[in-house]
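# Commentary on secondary and tertiary structure
Next come the chains, spelled out residue by residue.
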Amino acid sequence: MIETKNLTKTFDNFTAVDSLDLKIETGEFFGLLGPNGAGKTTTISLLSTLLLPTKGEILIDGQKLTRNRPDLKRKISVITQEYSMRQDMNMDEIMEYQGRLYFMPRKEIKHRTEELLEFCDLIKFRKRTVRKLSGGMKRKLMVCRALLTDPEILLLDEPTAGMDALSRRQMWNLLRKLNGKNLTILLTTHYMEEAQNLCSRVALMDHGKLEEVNTPAGLIDSLGNYTVDEFAGDETHSHYFHSREEAIAYLSGLSGQASLRETTLEDVFVERAGRHLMPS
């Protein structure tokens, strides 16, 4: 389990993460959502010990996480937004280099590499250098590299940024399979469909503060499960209803162009952003 208590990070006079109290259960697929500047990436950096907290603490299975706890740090792997791999290395070389950084025996590196490249459907591309890989393949290779040390927690910061729709869906399937093996996953994303499809719970953040923790379904239900979009010129006005009957009744009373659909997590995010999640 991951737990943060009063987790705070300030840079000079700017507070990036403000008194964050979170509990993420073992084996959970958890999402951090919020506009740019909400504190999501800073939170990931704190959990990975890349940054140190100004105040508060992080507990992994009840033990305080610090840079001096390699046993706890080894439980965590991170996949960042940026491609952080040597362009002239092939997949086998990337994996071997990562394994040596963690002093893994060569035999274990070879076995895990074979296993992970097969699992991620990359085995036939193993001799291709990074510069010749597609964006989706690079992301999958980053997943393989992160899993080499057999972590218990995977931190993902915008893992599908820049991917096309097909590659994004393939990554979703891969992450579902990993979570099915009881890997705890913490995801930051700007793709609300991604969070709605993958996460069992999500946290809404704004200006470093925790706004709400709920299931995607719970957040959608709080807004209304049915949406009537009313089109007026260049603008769209959305109206939310808790029952389909209410939505149809409202729709039938409109004279202009409109449509009925199910509410999504993106609707929740947009409504919250319009009220109080707007970045400064």
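Our structure is the block above this text.
Predicted, not measured: the structure shown is a model, and the values here were computed from it. Residue numbers run consecutively from 1 along every chain, following the written order of its sequence. A pLDDT threshold of at least 70 governs which residues receive local features in this predicted model, and a stricter bar of 80 or more applies before side-chain atom pairs are shown or counted, although totals over entire chains, interfaces and linings include all residues. The side-chain values count all of the structure's non-hydrogen atoms but skip hydrogen atoms and water molecules.

## With respect to the overall build of the chain
Only DSSP runs of H or I covering at least 4 residues are called helices, and only runs of E covering at least 2 are called strands; the numbering of each starts at the N terminus. The number of helices and strands found in the chain is 10 helices and 13 strands. Counting over 280 residues, the chain shows a buried share of 47%. Accessible surface area values rest on a Shrake-Rupley calculation with a 1.4 Å probe, where residue burial reflects the displayed protein chains alone. Accessible surface for the chain amounts to roughly 14,200 Å². Of this, 49% is attributable to carbon and sulfur atoms. Neither His nor the chain termini are counted; the positive set is Lys and Arg, and the negative set is Asp and Glu. One atom stands in for each charge, and that atom is NZ of Lys, CZ of Arg, CG of Asp or CD of Glu. Side-chain charges in the chain split into 38 positive and 40 negative, and the spacing between the mean points of these groups amounts to 10 Å. Throughout this description, buried means an accessible area under 20% of the type-specific maximum (1.4 Å probe, protein chains only), exposed means over 50%, and partly exposed covers the range between.

## Things to note about the packing of helix H4 (residues 106-119) against helix H5 (residues 135-147)
The N-to-C vectors of H4 and H5 enclose an angle of 145°; their axes lie 10 Å apart at closest approach. Like other packed secondary-structure pairs, H4 and H5 cross with a definite hand, here right-handed. Two secondary-structure elements touch here, H4 through Arg112, Leu116 and Leu117 and H5 through Leu141, Cys144 and Leu147. Convention adopted: a line fitted to C-alpha atoms gives each axis, helices being fitted over their contacting stretch, and angles between N-to-C directions are expressed from 0 to 180 degrees. For any pair of crossing helices, the crossing counts as left-handed if the nearer helix is rotated counterclockwise from the farther one by less than a right angle, and right-handed if it is rotated clockwise. Contacts were defined at the residue level, with two residues in contact if any of their heavy atoms lie within 4.5 Å.

## A word on the sheet that holds strand E8 (residues 184-188)
Two modes of strand pairing occur in sheets, parallel and antiparallel, and in both the strands are linked by backbone hydrogen bonds. We call two strands paired when DSSP finds no fewer than two bridges between them. Reading across the sheet, the six strands line up as E6-E7-E8-E3-E9-E10 and stay open at both edges, with mixed pairing between neighbours. Where the open sheet ends on each side, the last strands, each with one partner, are strand E6 (76-79) and strand E10 (209-214). On average, adjacent strands in this sheet sit at an angle of 20° to one another, irrespective of strand direction. Judged from the four bridges that link them, strand E3 (residues 29-33) and E8 form a sheet pairing that is parallel. Within E8, the position partnered with Gly31 by the bridge is Leu187. Across the face of the sheet, helix H1 (residues 40-47) comes into contact with E3, E6, strand E7 (153-157), E8 and strand E9 (201-206) while running at roughly 145° to E8. Along the sheet face, helix H6 (residues 165-180) touches E3, E7 and E8 and points at about 145° away from the line of E8.

## Some thoughts on the pattern of salt bridges
By definition, a salt bridge exists where a carboxyl oxygen of Asp or Glu is found within 4 Å of a side-chain nitrogen of Lys or Arg. Going through the model one piece at a time under the given rule, you end up with 16 salt bridges. A salt bridge links Arg100 to Glu96; the nearest nitrogen and oxygen atoms lie 3.0 Å apart. Highlighted residues: Arg100 and Glu96, both in helix H3 (residues 91-101), separated by four residues, approximately one helical turn. Its relative accessible area of 45% is what places Arg100 among the partly exposed residues. The closest approach of N and O atoms between Arg261 and Asp267, which form a salt bridge, is 2.8 Å. On the basis of relative accessibility, which here comes to 9%, the residue Asp267 falls in the buried class. Here the salt bridges share partners, and the residues they tie into one network are Asp92, Glu114, Arg126 and Lys127.

Take it as geometry only, folks, not as evidence of what the structure does.
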